[in-house]
Amino acid sequence: MLAIIDSGSTKTDWYFIGTGSRFGEDEIHLTTRGLNPYFVSPEEVGLCLEKEIYPFIDNRQVSHVYFFGSGCADEYKKTTLYTPLEDFFPEAEVQVESDLLGAAVALFGREPGIAGILGTGASTCRYDGRRIVERMPSLGYILGDEGSGAHIGLQLLRAYLYKDMPMELTQAFATFCPGTSGELLDRVYKDDKPNRFLGSLAVFAGENRPHPFIQKLLQAAFDAFFEKQLLKYDTVRTLPIKLLGSVAYHFREELSAAAGRFGMEIAGVASSPLAGLIRYYKDKHK
């Protein structure tokens, strides 16, 4: 049985293929809490496996585990996941890799290209069909993440608090995101995960995308994504560009327009890496 896992900070999707389900299915999809190694301990990972995976899967029947997750680019942090996964799946070959490599594999398979993730955060890489050979730093929602949900949310909140929004949008935003200025600032500066709060505000941009103010804000955000990320690759005009993530998927028309402004095009967009990863590893093990 194969285990293909896509993990973020909020949730983890587990997809099992082959004999090993306790209920007889050949394929089973499970969802658990997010397993970002910056936010969970090895003990918490082990508990998640015992309580949320073991009731459905015979762990000794799993031969290969492919885990792709946020926070897994750092080799030291990988052990937070690798050790409990190896303990829980004693017969399996365990691989723990970054969500960015997972995105590249899902988008390109064995072909080279420029892969990007645009969700709550933003990251990109150049992929040679097997591994990441170049990547731009992901500076997070304070210093970077241009074009991400958190970046869009930050621009919206700034415009709202500075009273730079048109009145009709100001009224709608006050309903969408209620609170005093002090309360909203506390959510940015005192909450544990302000990037998630800011990322959630990007929904407002999606709901009001025809408005000229929102169109201008999105244009600036996605132009910045191209300038700070994609244009830094020497091969960006010779390799296909594909993007993955909720922001990439829901704002694909605006991203396509941004690419056109730089004389490029987006070759493909996906909301999640899971389908591409399943296709890749099914083919690999058939």
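Scroll up to find the structure this text is about.
First, a word on what this report is: a plain description of the structure on this page. (Residues numbered from 1 in each chain as written. Predicted model: local features only at pLDDT ≥ 70, side-chain atom pairs only at ≥ 80, totals over all residues. Heavy atoms only, no water.)

Examining the sheet that holds strand β7 (residues 122–127)
Alright, step 1. Pairing is mixed in the open sheet, where five strands are placed in the order β8-β7-β6-β9-β10. Since the sheet does not close on itself, it has two edges, and those belong to β8 (132–135) and β10 (268–270), each with one partner. Averaged over all pairs of adjacent strands, the angle between their axes in this sheet comes to 25 degrees, without regard to strand direction.
Alright, step 2. The pairing of β7 with β8 spans three bridges and is classified as antiparallel. Bridge pairing links Cys-125 to Arg-135 in β8.
Alright, step 3. Contacting β6 (113–118), β7, β8, β9 (241–244) and β10, helix α3 (residues 99–108) runs over the sheet at an angle of about 125 degrees to β6. (Pairing = 2+ DSSP bridges. Helix = DSSP H or I, 4+ residues; strand = E, 2+ residues; numbered from the N terminus. Axes fitted to C-alpha atoms, helices over the stretch in contact; angles between N-to-C directions. Contact = heavy atoms within 4.5 Å.)

Examining the packing of aromatic side chains
Alright, step 1. Per the stated rule, a full pass over the model turns up 14 aromatic pairs.
Alright, step 2. Look at Phe-173 and Phe-176: their rings are 6.4 Å apart centre to centre, the planes differ by 40 degrees, and that puts the pair in the tilted class. Note that Phe-173 and Phe-176 are positioned in helix α6 (residues 167–176) at a spacing of three residues, about one turn of the helix.
Alright, step 3. Since its relative accessible area comes to 0%, Phe-173 is described here as buried.
Alright, step 4. On the basis of relative accessibility, which here comes to 30%, the residue Phe-176 falls in the partly exposed class.
Alright, step 5. Ring geometry for Phe-173 versus Phe-204: centroids 5.1 Å apart, planes at 90 degrees, classification edge-to-face. Pair noted here: Phe-173 is in helix α6 and Phe-204 is in helix α9 (residues 202–207), with a separation of 31 residues, a long-range link.
Alright, step 6. Residue classification places Phe-204 among the buried residues on the basis of a relative accessible area of 1%.
Alright, step 7. Grouped by ring-pair contacts, the aromatic residues Tyr-66, Phe-68, Tyr-280 and Tyr-281 constitute a single cluster.
Alright, step 8. When the ring centre of Phe-39 is taken as reference, the NZ or CZ atom of Lys-193 above it lies at 5.0 Å.
Alright, step 9. Across from the ring centre of Tyr-249, 4.3 Å away, lies the NZ or CZ of Arg-252, which sits over that ring. (Phe/Tyr/Trp six-rings, centres within 6.5 Å; stacked < 30°, edge-to-face > 60°. Buried < 20%, exposed > 50% of the residue type's maximum accessible area, 1.4 Å probe, protein only. Lys NZ or Arg CZ within 6 Å of the ring centre and 35° of its normal.)

Remarks on helix α13 (residues 274–285)
Alright, step 1. Counted at 1.5 Å a residue, the expected span for α13 with its twelve residues is 16 Å, and the 16 Å between its end C-alpha atoms agrees.
Alright, step 2. What α13 keeps buried is the set Leu-274, Gly-276, Leu-277, Ile-278, Tyr-280 and Tyr-281.
Alright, step 3. Its buried side turned inward, α13 meets β1 (2–7), β2 (11–17), β3 (27–33), β4 (64–69), β5 (93–98) and α3. (Expected span 1.5 Å × (residues − 1).)

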